[in-house]
Amino acid sequence: MSSSLGDLRIVDFSRVLAGPFATMLLADLGATVVKVERPGTGDDTRAWGPPYDDRGEATYYQSVNRNKDSVTLDLRTDEGIARAAELAAGADVVVENFRPGLMSELGLGYEDLRARNPGLIYCSITGFGSGAGAELPGYDLLIQALGGLMSVTGQPDGQPQKVGVALVDVLSGQFATVGMLAALRHRDATGEGQRVEVNLLSSLLAALVNQSSAYTSGGVVPQRMGNAHPSVAPYEVLPCGEGELVLAVGNDRQFRALCDRLGEPGLGTDARFATNSARVDHGEELREHLVRLLKARDARAWADLLTESRVPAGVVNDVAGAFRLATELGLDPVVGIPRDDGTEVRLPRNPIGLSATPPTYRSAPPPRSEPPAAEPRPDGD
């Protein structure tokens, strides 16, 4: 099967999540990715468990490292650095997420490598950029806090909350992927490589979208609203006779259909609720009406009835329920990838659909390999 990026060779020095996620996306689309790991421990996430699979491997590591080869290089040695430079000389893309300046100290910075490989795309992922924030540690939780995400997540009278996944790393990995593909497109046209820089804080500020523009364009500092929405109503989680129902009503037609199904069509034409702006202004009153009406049935029954009327509604699934739903809808969300020992690892499928060059799943996340022993450099790290 042909692939979109089958002629692309990537050397990946990154660890943990943002960088490995980006290179896995490119690997799924056909790129050859060589993952460079340190001796002894390898990628940090190899030890990030539980949970572990039936072979004792950390599922965190598995989530972002399929379709890659692994090589262990000790960048504390001249031999390891020389081998890394050799790999980069034959690569189209290098990805790294060390602290700013470290790769240059090792002789593996962008200027060092492009001298041997002018067409190289060199992607650096940092926490806070390479300027005044260069020395700050770039951990997802910290950036969720410093970047404002936690200030808009959680109940108004409760603690700020992190999102239940390292979302900033994932978003940064996606931005890095877009940047690398854009740089490759430019290289195809001109032969010129370039540096791609992505930092987690800027990625989060961009990904806050309407919450960011509320501040930058409207001077409004968003606050925590629980499951409510600052600009759309009803768009929240509501209690029913049993269980909780998610309503995501995005327009006035959907709201009128909701009121009809709830048996109170007059709400749909009430001046307080007839338009989205009015519903937002009278959100508490609207919520009281909806909670009263929703007590008549359980959440699953309401979800089924409302979906029939094309009102966006559903129950809150756990992760297992989410995969069951995707399977029921024919989305085939899980892919089994064979290992060399005849077993397989089951991982979420790449969500990108391409009619001619779809993602492929050629190899399971690689086991850790060990290099021959080498003498350390006299100056250490």
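Everything that follows concerns the structure shown earlier in this document.
Residues numbered from 1 in each chain as written. Predicted model: local features only at pLDDT ≥ 70, side-chain atom pairs only at ≥ 80, totals over all residues. Heavy atoms only, no water.

A. Broad picture of the overall build of the chain. When helices and strands are counted, the chain shows 14 helices and 11 strands. Over its C-alpha atoms, taken along the principal directions, the chain stretches across nearly 80 × 50 × 40 Å. Of all 381 residues assigned to the chain, the portion counted as buried reaches 44%. Within the chain, contacts between residues at least 6 apart in sequence are counted, and of these 67% link residues at least 24 apart. (Helix = DSSP H or I, 4+ residues; strand = E, 2+ residues; numbered from the N terminus. Buried < 20%, exposed > 50% of the residue type's maximum accessible area, 1.4 Å probe, protein only. Contact = heavy atoms within 4.5 Å.)

B. Structural detail: the environment of H186. Looking at the element boundaries, H186 is found in helix α7 (residues 167-190). Linking H186 and S202, residues 16 residues apart in sequence, is a C-alpha distance of 23 Å.

C. Geometry of the packing of aromatic side chains. Tallying each qualifying case throughout the model produces two aromatic pairs. The ring of F255 is capped by R279, whose NZ or CZ atom sits 4.4 Å from the centre of that ring. If you follow R297 out to its NZ or CZ, it ends over the ring of W302, 5.4 Å from the centre. (Phe/Tyr/Trp six-rings, centres within 6.5 Å; stacked < 30°, edge-to-face > 60°. Lys NZ or Arg CZ within 6 Å of the ring centre and 35° of its normal.)

D. Examining the pattern of salt bridges more closely. The full count for this structure, using the stated rule, is 20 salt bridges. Ionic pairing is found between R292 and E264, a salt bridge with its closest N-O pair at 3.3 Å. Pair noted here: R292 is in helix α12 (residues 283-294) and E264 is in the loop between α10 (252-261) and α11 (276-281), with a separation of 28 residues, a long-range link. By relative accessible area, which is 24% here, E264 ends up partly exposed. Measuring nitrogen to oxygen at the nearest pair gives 2.9 Å for the salt bridge that ties E285 to R272. Pair noted here: E285 is in helix α12 and R272 is in the loop between α10 and α11, with a separation of 13 residues, a long-range link. Among the ionic contacts, a cluster of salt bridges with common partners joins R55, E57 and D341. (Salt bridge = Lys/Arg side-chain N within 4 Å of Asp/Glu carboxyl O.)

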